[in-house]
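# Summary of structural features
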Amino acid sequence: MIGLIVARSENNVIGKDGMIPWRIKGEQKQFKELTTGNIVVMGRKSYEEIGHPLPNRDTIVVSRTKKYEGEHLSTAGSVEEAIAMADKSKNVYISGGYGLYKEAMPLVDVMYITEVKTVVEDGDVFFPEFNADDFELEIGETGGDEIKYTRTTYTRRNHK
């Protein structure tokens, strides 16, 4: 299974100044639950923001300019190469940023999108547009304190 996991604001912002533009207690819990024991594919900038491989999962960094190698850490030149490298017995989760999401969009089976109930006026990275008609939408739980969020799951429809 190839999945995509992202949190976006009401105006589609996913990043600001190289960072996620909110900190909401519990919002990243789903990311950890889904990706632990699986494979996370992320871009170079996303990886450098974190600064290390994520524990208890394999990390594949997509970069054409740098090589990352280590225990549970490798580098691919594209999303397609990362998927080809991935252990087929595990799920693959595309985790950003914009370029990877855009490249992966036609390849994903499911998208886990956390809709954050805020507007980020000066965001500089946005989630790419997609055709919602290609997916079945399931609305999940809502959480958060000052800033609320709702989990949504978009599962690709079978085309005949």
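For the structure, see preceding data.
What comes next concerns the included structure. Note that residues are indexed from 1 along each chain, following the sequence as it is written. Note on the predicted model: pLDDT of at least 70 is required for a residue's local features to be given, and 80 or more for side-chain atom pairs to be given and counted; whole-chain, interface and lining totals, by contrast, use all residues. Working from all heavy atoms in the structure, the side-chain values ignore hydrogens and water.

## Some thoughts on the overall build of the chain
- The numbering of helices and of strands both runs from the N terminus, where a helix is a DSSP run of H or I of at least 4 residues and a strand a run of E of at least 2. When its secondary structure is counted, the chain shows four helices and 10 strands.
- Moving toward the C terminus, one meets the helices and strands of the chain in the order β-β-α-β-α-β-β-α-β-α-β-β-β-β.
- Restricting the calculation to C-alpha atoms gives the radius of gyration, and the globule rule supplies 2.2 Å times the number of residues raised to the power 0.38. Relative to a compact globule of 160 residues, whose C-alpha radius of gyration would be 15 Å, the chain shows 15 Å and is just as compact.
- Seen through its C-alpha atoms, the chain measures out along the principal axes to roughly 40 × 40 × 25 Å.
- The cut-offs for exposure are 20% and 50% of the maximum accessible area for each residue type, with area from a 1.4 Å probe on protein chains only; residues under the lower value are buried, those over the upper are exposed, and the others partly exposed. Burial analysis of the chain (160 residues in total) assigns 48% to the buried set.
- Any two residues having at least one pair of non-hydrogen atoms within 4.5 Å are treated as being in contact. In the chain, the proportion of contacts linking residues at least 24 apart, taken out of those at least 6 apart, comes to 58%.

## What to know about the pairing of strand β10 (residues 149-156)
- Judged by how many residues are buried, β10 sits mostly within the fold: six of eight residues are covered.
- By the bridge criterion, seven bridges tie strand β9 (residues 135-143) to β10 in an arrangement that is antiparallel. Across the sheet, the residue bridging to E138 is T153, located in β10. In this analysis, strands are considered paired if DSSP registers two or more bridges between them.

## As for the pairing of strand β3 (residues 39-43)
- Burial within β3 is extensive, with five of its five residues counted as buried.
- Both faces of β3 are covered, namely the face carrying I39, V41 and G43 and the face carrying V40 and M42.
- Note: β3 against strand β4 (residues 58-62), five bridges, orientation parallel. If you follow M42 over to β4, its bridge partner there is V61.
- Call a crossover right-handed when, viewed with both strands pointing away from you, the route from the first strand across the helix to the second goes clockwise. For the handedness criterion, the β-α-β arrangement of β3, helix α2 (residues 44-50) and β4 is classed as right-handed.
- Sheet topology note: the β3/strand β6 (residues 92-94) ladder contains three bridges and is parallel. Bridging across to β6, V41 finds its partner in I94.

Take it as geometry only, folks, not as evidence of what the structure does.
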